[in-house]
Amino acid sequence: MPGSVTREELQRLVDQKGAQVVEVLPREEYDDEHIAGAIHMSLEELDEDAALVLAKDRPVVVYCNDFL
Amino acid sequence: MSPRAAWRLESLGFERVFDYEAGKTDWTGSGLPTEGEGAERPRPGMIAIPVATCRLGESVREVEKRVEDADDTMCIVVTDDDVVLGRVTLGRLRSNPDAVVDDVMTPGPTTVRYDEEIVGLTVRMQDKEVGSILVTTPAGKLIGVMYRNVAEELLGDALDEYRAHQEHHDH
């Protein structure tokens, strides 16, 4: 079951574990503004090919706007 | 949306998947680094400046000196974690020298987030003749004070354009 992380935990995961940060909002929202260093992937792109973009041996943190 | 993405990645064999539930709202509201076309837009947090702070239980005499030394006109009452509890003006401190902060503070001051939309905010401050406003993180931690005159100088014509746009909508 995927865990949830706070802002501080996210920063630690990136700094210490090389976590990959993925925004799953619509592309235009990503283009307007996203967490520094985050990449964009839509839900539709999260298929078998996701492994071509994301490394399986590093943590992945996904986010959208908020919990709503 | 992100919980579904997290589950999806896990089903694809990714073993360490996490959901940052508070999301972009939390990140930008805390003033952390962003990229993108809109990343450089002005925000209250960018022009907020530090202000004197004090804690509940402190003597007014001590706090008054701190505010004067900092050349401020007010002091913000915060918790040990810097969460805003209230504010107290220098005038109120001066007229109650033997009290403690709890007795003279005004609780629950209005605050805005680091990334509040600054043009509309400044126009509302003009309309209500508010000279300054506290800026906090989404968790209520004090970042500083945004002065309206600083925002007006920064935004210039954007304020008139906002008003014109508003009037156009009202008619």
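So, a few notes on the structure that sits alongside this text.

So, how was this worked out
Residues numbered from 1 in each chain as written. Chains lettered and ligands numbered in written order. Predicted model: local features only at pLDDT ≥ 70, side-chain atom pairs only at ≥ 80, totals over all residues. Pairing = 2+ DSSP bridges. Helix = DSSP H or I, 4+ residues; strand = E, 2+ residues; numbered from the N terminus. Axes fitted to C-alpha atoms, helices over the stretch in contact; angles between N-to-C directions. Core = buried A, V, L, I, M, F, W, Y, C linked by C-beta atoms within 7 Å. Buried ≥ 20, exposed ≤ 12 C-beta atoms within 10 Å, placed from the backbone. Contact = placed C-beta atoms within 7 Å. Nonpolar A, V, L, I, M, F, W, Y, C, P; charged D, E, K, R; others polar.

### A short note on the sheet that holds strand S2 (residues 20-23) of chain A
Here's step 1: The five strands are arranged S1(A)-S1(B)-S5(A)-S2(A)-S4(A) in an open sheet whose pairing can be described as parallel. Edge positions in the open sheet fall to strand S1 (3-4) and strand S4 (39-40) of chain A, since each of these has one partner strand only.
Here's step 2: Note that strand S5 (residues 60-63) of chain A and strand S1 (residues 17-19) of chain B share three bridges and pair parallel. Across the sheet, the residue bridging to Val61(A) is Phe18(B), located in S1(B).

### As for the sheet that holds strand S8 (residues 132-136) of chain B
Residue and element names in this part refer to chain B.
Here's step 1: The strand order across the open sheet built from three strands is S7-S8-S9, with neighbouring strands paired in mixed fashion. Edge strands, defined here as strands with exactly one partner in the open sheet, are strand S7 (111-113) and strand S9 (142-147). Across the sheet, the axes of successive neighbouring strands diverge by a mean angle of 40°, strand direction being ignored.
Here's step 2: Taken together, the three bridges between S7 and S8 define a ladder with parallel strand orientation.

### What to know about the nonpolar core
Residue and element names in this part refer to chain B.
Here's step 1: Core analysis: the largest hydrophobic core is formed by 27 residues, its most contacted members being Val63, Ile76, Val77, Val101, Leu134 and Val135.
Here's step 2: Taken together, the elements giving at least two residues each to this core come down to helix H4 (60-69), strand S4 (74-78), strand S5 (84-89), helix H7 (118-127), S8 and S9.
Here's step 3: Leave out the neighbours within four places in its chain, and Val63 touches Cys54, Glu58, Cys75, Leu93 and Val101.

### Focus on the environment of Asp19(B)
Here's step 1: In this structure, Asp19(B) sits in strand S1.
Here's step 2: The buried category is assigned to Asp19(B), around which 25 C-beta atoms lie within 10 Å.
Here's step 3: Taking the C-alpha atoms as reference points, Asp19(B) and Trp7(B), twelve residues apart in sequence, are found 9.3 Å from one another.
Here's step 4: Aside from chain neighbours lying at most four places away, what touches Asp19(B) is Pro2(A), Ser4(A), Val62(A), Ser2(B), Pro3(B) and Ala6(B).

### Considering the interface of chain B and chain A
Here's step 1: Tallying the contact residues gives 33 residues for chain B and 31 residues for chain A.
Here's step 2: Of all elements in the fold, only helix H1 (2-11), S1, helix H2 (23-29) and strand S2 (34-35) of chain B reach the threshold of two or more residues within the side of chain B that touches chain A.
Here's step 3: When residues in the side of chain B that touches chain A are grouped by element, the largest group, eight residues, is from H1(B).
Here's step 4: Looking at the side of chain B that touches chain A residue by residue, the classes come out as 14 nonpolar, nine polar and ten charged.

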